[in-house]
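# Fold and contact review
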Amino acid sequence: DGVAQGKGIKCRLCVKALKKIQALAGDDPDEAAVVAALQKGCRALGRVKGKLCQLLVNKYRDQITEGLQNGDMPQDICAAMGICKS
(Lines give C-alpha, C1' and ligand atoms only; values in the text may rest on other atoms or scores of the structure.)
Protein backbone atom coordinates (compact mmCIF):
# COMPACT_ATOMS: atom_id res chain seq x y z
CA ASP A 1 0.00 0.00 0.00
CA GLY A 2 1.48 3.29 -1.19
CA VAL A 3 0.86 5.25 1.99
CA ALA A 4 2.83 2.84 4.18
CA GLN A 5 5.65 2.87 1.63
CA GLY A 6 5.87 6.66 1.67
CA LYS A 7 5.92 6.48 5.43
CA GLY A 8 8.70 3.90 5.13
CA ILE A 9 10.89 6.18 3.04
CA LYS A 10 10.27 9.11 5.38
CA CYS A 11 10.94 6.85 8.34
CA ARG A 12 14.25 5.64 6.88
CA LEU A 13 15.28 9.22 6.10
CA CYS A 14 14.32 10.33 9.60
CA VAL A 15 16.32 7.55 11.24
CA LYS A 16 19.30 8.10 8.92
CA ALA A 17 19.26 11.84 9.55
CA LEU A 18 18.97 11.42 13.31
CA LYS A 19 21.78 8.86 13.44
CA LYS A 20 24.00 11.33 11.61
CA ILE A 21 22.89 14.19 13.87
CA GLN A 22 23.36 12.05 16.97
CA ALA A 23 26.91 11.16 15.89
CA LEU A 24 27.71 14.83 15.27
CA ALA A 25 26.17 15.99 18.54
CA GLY A 26 28.23 13.50 20.56
CA ASP A 27 27.34 11.92 23.89
CA ASP A 28 25.34 14.03 26.32
CA PRO A 29 24.97 17.07 24.01
CA ASP A 30 23.71 20.44 25.18
CA GLU A 31 21.18 22.33 23.11
CA ALA A 32 23.83 24.28 21.16
CA ALA A 33 25.58 21.03 20.18
CA VAL A 34 22.30 19.56 18.97
CA VAL A 35 21.41 22.68 16.96
CA ALA A 36 24.86 22.70 15.31
CA ALA A 37 24.55 18.98 14.57
CA LEU A 38 21.09 19.48 13.04
CA GLN A 39 22.55 21.97 10.56
CA LYS A 40 25.57 19.82 9.68
CA GLY A 41 23.66 16.54 9.66
CA CYS A 42 21.18 17.70 7.04
CA ARG A 43 23.90 19.10 4.80
CA ALA A 44 25.72 15.77 4.97
CA LEU A 45 22.74 13.98 3.40
CA GLY A 46 23.13 15.75 0.07
CA ARG A 47 20.87 18.27 -1.61
CA VAL A 48 17.51 16.53 -2.02
CA LYS A 49 17.55 14.55 1.21
CA GLY A 50 19.13 17.54 2.92
CA LYS A 51 16.12 19.69 2.04
CA LEU A 52 13.72 17.07 3.42
CA CYS A 53 15.91 16.75 6.48
CA GLN A 54 15.82 20.52 6.99
CA LEU A 55 12.00 20.55 6.79
CA LEU A 56 11.88 17.72 9.30
CA VAL A 57 14.30 19.45 11.62
CA ASN A 58 12.46 22.77 11.48
CA LYS A 59 9.11 21.14 12.16
CA TYR A 60 10.26 18.83 14.96
CA ARG A 61 13.25 20.73 16.36
CA ASP A 62 12.09 20.60 19.99
CA GLN A 63 11.26 16.91 19.90
CA ILE A 64 14.54 16.04 18.20
CA THR A 65 16.56 18.18 20.61
CA GLU A 66 14.80 16.70 23.63
CA GLY A 67 15.11 13.15 22.31
CA LEU A 68 18.83 13.47 21.64
CA GLN A 69 19.44 15.10 25.00
CA ASN A 70 17.57 12.23 26.67
CA GLY A 71 19.74 9.73 24.79
CA ASP A 72 16.75 8.25 22.93
CA MET A 73 17.41 6.07 19.89
CA PRO A 74 16.80 7.67 16.46
CA GLN A 75 14.11 5.06 15.67
CA ASP A 76 12.26 5.95 18.90
CA ILE A 77 12.48 9.70 18.27
CA CYS A 78 11.11 9.24 14.73
CA ALA A 79 8.30 7.04 16.08
CA ALA A 80 7.47 9.63 18.76
CA MET A 81 7.16 12.25 16.01
CA GLY A 82 4.75 9.97 14.15
CA ILE A 83 7.09 9.47 11.19
CA CYS A 84 7.88 5.83 11.93
CA LYS A 85 5.53 3.20 13.20
CA SER A 86 6.59 2.26 16.71
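Going by the structure above, here's the rest.
Read on for an overview of the structure. In this text, all values refer to a predicted model and were calculated from it rather than measured experimentally.

## Considerations on the side chain of threonine 65
- Turning to its location among the elements, threonine 65 is positioned in helix 3 (residues 47–69).
- On the basis of relative accessible area, threonine 65 is assigned to the buried category, the value being 5%.
- In contact with threonine 65, other than residues within four places in its own chain, are Glu31, Val34 and Leu38.

## A word on helix 3
- The terminal C-alpha atoms of helix 3, which comprises 23 residues, lie only 27 Å apart, well short of the 33 Å expected from a rise of 1.5 Å per residue.
- Of all the bends in helix 3, the greatest measures close to 85° and is centred on tyrosine 60.
- Taken as a whole, helix 3 has its buried residues at Gly50, Cys53, Leu56, Val57, Tyr60, Ile64, Thr65, Gly67 and Leu68.
- Downstream of helix 3 by one or two residues, glycine 71 has phi in the positive range, about 75°.

How each quantity is defined
Sequence order sets the numbering: in each chain, residues are counted from 1 along the sequence as written. It should be noted that, the model being predicted, local features are given only for residues of pLDDT at least 70 and side-chain atom pairs only at 80 or more, the latter also being counted only at that level, while totals for whole chains, interfaces and linings use all residues. Note that water and hydrogens are dropped before the side-chain values are worked out from all heavy atoms of the structure. Helix numbering and strand numbering both begin at the N terminus, where a helix is a DSSP run of H or I of at least 4 residues and a strand a DSSP run of E of at least 2. The buried label goes to any residue with under 20% of its type's maximum accessible area, the exposed label to any with over 50%, and the partly exposed label to all in between, with areas taken from a 1.4 Å probe on protein chains only. Contact definition: two residues touch when any of their heavy atoms are within 4.5 Å. Every helix has an expected span of 1.5 Å times one less than the residues it contains. Bend at a given residue is defined as the angle between two axes, one fitted to the seven residues that end at that position and one fitted to the seven that begin there.

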